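Descriptive structure summary
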Amino acid sequence: MASQNMPFIKNLASSDSKFRKSALASLHTFLSAKHIATTLSPVDILKLWKGLFYAMWMCDRAIPQQTLAQELADLIYILPRESVVPWLRGFWATMSREWTSIDVLRMEKFLLLVRRVVGASFRWMKGAQDGKADISAATATKTNKKGGKKGSGKEKSAWDAKRVDQILDMLAEWPFALDEDVKEDSDSEEEPESDDDKPQHESLRKEKPGKKENKDPLHLLAKKIPAGLKIHVLDIWVDEAEKVGMLDFEGDEEALKIVQRIIEKIEELEQRTVSPAIRVRSKDSLADDRLPGNDKKPVEEKEDEGWGGFDN
């Protein structure tokens, strides 16, 4: 197993920043090896993300936290294509599992981490540009500073259809998951009664056709996706979509289609959620002026009539 070659995991949660940095460098080298990254099991990925979660937990001060959040989000750019989605699913499973254990003082840096991962996921949907390798947000920023066009730094490459499907499906599975889907998954995790405990007619009953047991560890560990995690993604997804040029609809029909697909998922979440907070945030997200169909209303400026004296 790949887990036998991951001795650096413990140092990711070290209280000494030097050990954490050394462990992160080892992880970078570890994931860069394609023959290792492609053989990581779901359990291996969960172990790595738990170590990274505590690396962020132990990180103090704003600048180091911002740097670490971006570094963790950009790990997908060193992974082979087929390993990116399992890696991101491990992230969402870890955040879903650990979210309620995050205290108020540490919550801000984990909110930033989620934002950076959502942004990196959107950027990854664009794929390689003109035969070049995928570039991280940090690399794109450096390129723009050196000699790129001045402006927002948004790329103009085509969207990768397969990557788009994978990321949108993952959003629907995790932060935009419907309540009933999560409930059904939780119910399926309950340990079934043994045949000895069941009445005879129950033990003879055949399994319902078409319903297969999901043995995916990432799927089984996420018993419930916290409302706070869903709400945060609803709050930030438009900002992150704008940063990667997904809201540049002129001359980019694919971007418009992607945004409309995300809107449809949020609309379904709004209609079917039982959480009032999620319903309100879903409405607020859909009402964003930057989304198609939500024209920004012009602000009427009132003419200054001057001072009219005191009222009698």
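Placed above this text is the structure.
These remarks concern the structure in this document. Remember, it's a predicted structure, so these values are computed and weren't measured experimentally.

Along its length, the protein chain carries 15 helices and zero strands. Taking all 312 residues of the protein chain together, 42% fall into the buried category. Within the protein chain, contacts between residues at least 6 apart in sequence are counted, and of these 77% link residues at least 24 apart. When the accessible surface of the protein chain is totalled, it reaches about 19000 Å², and 50% of it is carbon and sulfur.

So, about unusual backbone geometry. Notably, Arg61 is not glycine yet its phi reads approximately 75 degrees, a positive angle. Assignment of secondary structure puts Arg61 in the loop between α4 (42-58) and α5 (62-73). With relative accessibility at 63%, the residue Arg61 sits in the exposed group.

On to the packing of aromatic side chains, then. Taken as a whole, this structure holds nine aromatic pairs when the rule is applied. For the pair Trp49 and Trp87, a centre-to-centre distance of 5.0 Å together with 40 degrees between the ring planes defines the contact as tilted. Of this pair, Trp49 sits in helix α4 while Trp87 is found in helix α6 (residues 81-98), placing the two residues 38 residues apart along the sequence. Looking at Trp49, the relative accessible area reads 3%, which means it is buried. Look at Trp87 and you get buried, because its relative accessible area is 1%.

Here we take up the pattern of salt bridges. The tally for this structure, following the rule as stated, stands at 15 salt bridges. Among the salt bridges present, the one from Asp165 reaches Arg261, with a minimum N-O distance of 3.0 Å. Of the two residues, Asp165 is situated in helix α9 (residues 161-173) and Arg261 in helix α14 (residues 253-272); the sequence distance between them amounts to 96 residues. Residue classification places Asp165 among the partly exposed residues on the basis of a relative accessible area of 33%.

Calculation criteria
- Residues numbered from 1 in each chain as written.
- Predicted model: local features only at pLDDT ≥ 70, side-chain atom pairs only at ≥ 80, totals over all residues.
- Heavy atoms only, no water.
- Helix = DSSP H or I, 4+ residues; strand = E, 2+ residues; numbered from the N terminus.
- Buried < 20%, exposed > 50% of the residue type's maximum accessible area, 1.4 Å probe, protein only.
- Contact = heavy atoms within 4.5 Å.
- Areas by Shrake-Rupley, 256 points an atom, 1.4 Å probe, with all protein chains shown as cover.
- Phe/Tyr/Trp six-rings, centres within 6.5 Å; stacked < 30°, edge-to-face > 60°.
- Salt bridge = Lys/Arg side-chain N within 4 Å of Asp/Glu carboxyl O.

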